[in-house]
Every structure is written in C-alpha cells, then in structure tokens.
Amino acid sequence: MELVITDNAAEAGVLAGRIMADHVRRGARAIGLATGSSPLGAYRELIRQYREQELSFLGVQAFLLDEYIGLPAGHPQSYAQFIRDEFTAHVDFTDSDVHSPDGRAADIPAAAADYERRIAASGRISVQILGIGANGHLGFNEPGSSLRSRTRVKTLTPKTRADNARFFDGDLNQVPTHVLTQGLGTISDADHLVMIATGEGKADAVAAAVEGPVSAFCPASILQMHPHVTVIVDPAAATNLKAVDYYRFAVQNKPAWQSF
Ligand code: GLP
C-alpha cells in the first residue's frame, strides 16, 4: 500500500484523476467509479484531460460501486444519474458502457447476480476509485460486511443515512434504507485500488483502515489485503495516522521508474 499525503484536497483529486487517466491511456478495458463527494476532484481532472489532452473513454466500460434501492429513474441522487451528471456525460463515454446495479429491479438478488456477471464479462477492472465512509465503509459495505462479499443488498446504518441526508435536502426520511453494493470481494478483484479521503471527518476512518486491524468492522481495512493500493489523503484526513514521516519519506524517495 502506498500512502500519499498531498498539500490540500484539490491536489488529492488531481493526483487520483491522473492515476485513473494513466490506466485509460494504457488501454484499460474497464474502470470502476464511485459516488459521494470524495472522487469529484478526480472526475474534474479527467474531464480536463479529455478537453485539453485528448484523453478518450470510447470503448471503456465503467462500473459503479453501488446504488440505492427504490429511487425512481432519473432521481438526481440515484448514483446512476449522479455519475452521469458529475462525470460521464462530460466526456466521450458511450452511455450504455456506464453500468450500475439496478436498484429498481423487481428481483433484487437477481439484479445483484446480473451485476457480477456484467463485471466479469468486461474482463478485469483496471482501476477502482474509492471514497471511504466516516464509519469505514467502502461502497455501501457497512461495518460487519464479509471481507469476501459479492454484490448484494445491504441495509444502511443510521450513521450513513444521516451522513447522506445532506444530498436529500437534509431530510432523513428521503434517504433509502437499502442499497445494492459491490461486495468487498468484488472490489478486491480490481487491479489497482485508489482511495481518496479528505477532511478531518475522515481521519479516524483512514487511520483504522490503513493502520488498524483487518476487520469486517472496518470494511476499508480490506485494502491491506490487496497487492496494489494507493491511498491519497489531505493533511486533515492524515491527522490520526502514526507513520506519517515514513509515508512522506517513501513518496519523496520514490524511484523515477516507479509509477503509482
Ligand atoms: C457514500 C458512498 C461511498 C462513499 C462514502 C463517502 O455513502 N456509497 O461510495 O465513499 O459514502 O462519501 P463522501 O465522499 O461524500 O464523504
């Protein structure tokens, strides 16, 4: 695992976007996208590179981590809509190449299995961008999620629903209780995991994920079991990390031949 502490949140987003762009330029057939506010800076950098540096997503498949169950099609907070509004509609992705679990399906377990099949059919996901919940969740894998889980239904914790109420006019009652999410096993199948976390509110979760025990109670601790992880944080999100000096030293002394 490589841990990069950037000078500020904006730089964290740019670095995450650059890493994703490098995968696309190297011929990634599929990339993994995430919602929430954390990846937005990365998407801005990808849009910039599309406009100014001929980055193209034509022929690339994109897979979202998760989706609320029960929101109507086109609801601005459905993740399928959010990712189009914030990212994919601003570049040359083919709309049908942007995939998300079907949170409106009549048969939710079948929709979960279908999503796993779609990911498998794409070949490997080259790079998966991730945020982290304040309780350590990845995607919507809440504490207690099996470390080998696959796409399935989850019940949101009261904490996550309260955190996400800000996207629903601050009205907790509008936040769905159930979601479809890639499992921790599904996420772990991607070649390169890039997690971005900014702000003091993420400091505990980042420290638990990176330096705490591997545990289903901190789902993001599954990163410690993956062979290629880049964690990008701003100084506020790094506050509770113990080995900051080492992380900084390793980045400063990164061999010229070694990419992220
Ligand atoms: C959401 C998403 C996660 C996201 C996390 C943090 O509920 N399902 O994918 O990483 O919570 O969100 P934010 O980046 O807005 O803090």
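This part is about the nonpolar core. Within the largest apolar cluster, 76 residues are counted, with the highest numbers of intra-cluster contacts made by Ile 31, Tyr 43 and Phe 87. Beyond its immediate stretch of four places on either side in the chain, Tyr 43 contacts Met 20, Leu 33, Ala 34, Ile 83, Glu 86, Phe 87 and Ile 129.

Right, let's talk about the environment of Val 210 for a bit. Secondary-structure assignment places Val 210 in helix H7 (residues 203–211). Measuring from C-alpha to C-alpha, the distance between Val 210 and Arg 51 comes to 35 Å, with 159 residues separating the pair along the chain. When residues no more than four places from it in sequence are discounted, the contact partners of Val 210 are Met 1, Leu 3, Gln 224, Val 231, Leu 241 and Tyr 247.

Before going further, it helps to spend a moment on the site of the ligand. The environment of the ligand is formed by 13 residues, the closest being Ser 37, Ser 38, Asp 66, Arg 166 and Lys 202. Take Asp 66: an N or O atom from its side chain is 2.9 Å from a nitrogen atom of the ligand. Ile 132 places a main-chain nitrogen or oxygen 3.4 Å from an oxygen atom of the ligand. If the ligand stood free it would expose 390 Å²; the protein chains cover 95% of that surface. Along the lines of polarity and charge, the residues of the shell around the ligand split into three nonpolar, seven polar and three charged.

Before going further, it helps to spend a moment on unusual backbone geometry. Phi at Glu 54 takes a positive value of approximately 60°, unusual for a residue other than glycine. One can find Glu 54 in the loop between helix H2 (40–52) and strand E3 (61–64). Its relative accessible area of 75% is what places Glu 54 among the exposed residues. Its identity is not glycine, yet Asp 169 carries a phi of approximately 55°, on the positive side. Note that Asp 169 resides in the loop between helix H5 (158–164) and strand E8 (178–181).

Let us look at the sheet that holds strand E7 (residues 152–155). Strand order in the open sheet formed by three strands is E4-E8-E7, and the pairing between neighbours is antiparallel. Of all strands in the sheet, those bounded by a partner on one side alone are strand E4 (66–68) and E7. Within the sheet, the average angular offset between the axes of one strand and its neighbour, ignoring direction, is 30°.

Below, the discussion takes up the pairing of E8. Working note: regular strand, side chains alternate between the two faces of the sheet. For E4 and E8, the ladder comprises three bridges, and the chain directions are antiparallel. Residue pairing across strands places Glu 67 opposite Leu 180, the latter belonging to E8. Two strands pair when backbone bridges link them, and E7 and E8 are joined in this way by four bridges, in the antiparallel orientation. Opposite Val 153, over in E8, you have Leu 180 as the bridge partner.

Below, the discussion takes up the environment of Phe 87. Structurally, the position occupied by Phe 87 is in the loop between helix H3 (79–86) and strand E5 (98–99). Taking the C-alpha atoms as reference, Phe 87 lies 23 Å from Glu 116; in sequence the two are 29 residues apart. Residues contacting Phe 87, with those up to four places away along its chain left out, are Leu 33, Tyr 43, Leu 46, Ile 47, Phe 57 and Phe 93.

Rules used in this analysis
Sequence order sets the numbering: in each chain, residues are counted from 1 along the sequence as written. Totals for whole chains, interfaces and linings use all residues, but because this is a predicted model, local features are given only for residues with pLDDT of at least 70 and pairs of side-chain atoms are given and counted only at 80 or more. Think of the side-chain values as coming from all heavy atoms in the structure, minus any hydrogens and water. Definition used in this section: a nonpolar core is a set of buried Ala, Val, Leu, Ile, Met, Phe, Trp, Tyr and Cys residues joined via side-chain atoms within 4.5 Å. Exposure is judged per residue with a 1.4 Å probe applied to protein chains only, and the accessible area is read against the type maximum: over 50% gives exposed, under 20% gives buried, and values in between give partly exposed. It only takes one pair of heavy atoms within 4.5 Å for two residues to be counted as in contact. We count a stretch as a helix when DSSP gives it H or I for four or more residues in a row; a strand needs E for two or more, and each element gets its number in order from the N terminus. The criterion for a residue being near a molecule or strand is simple. One of its heavy atoms has to lie within 4 Å of it. Here a polar contact is recorded for every N or O atom pair within 3.5 Å, except that within protein the pair must consist of a potential hydrogen donor and a potential acceptor, and residues adjacent in sequence are included only if both atoms are side-chain atoms. In short, Shrake-Rupley with a 1.4 Å probe defines the accessible areas, and a residue's cover is counted only from the protein chains shown. Note on residue classes: Ala, Val, Leu, Ile, Met, Phe, Trp, Tyr, Cys and Pro are nonpolar, Asp, Glu, Lys and Arg are charged, and everything else, Gly too, is polar. A pair of strands is treated as paired once DSSP finds two or more bridges between them. Axes here refer to lines fitted to C-alpha atoms; in helices the fit is confined to the stretch in contact. Angles between the N-to-C directions go from 0 to 180 degrees.

Structural measurements only, silent on function.
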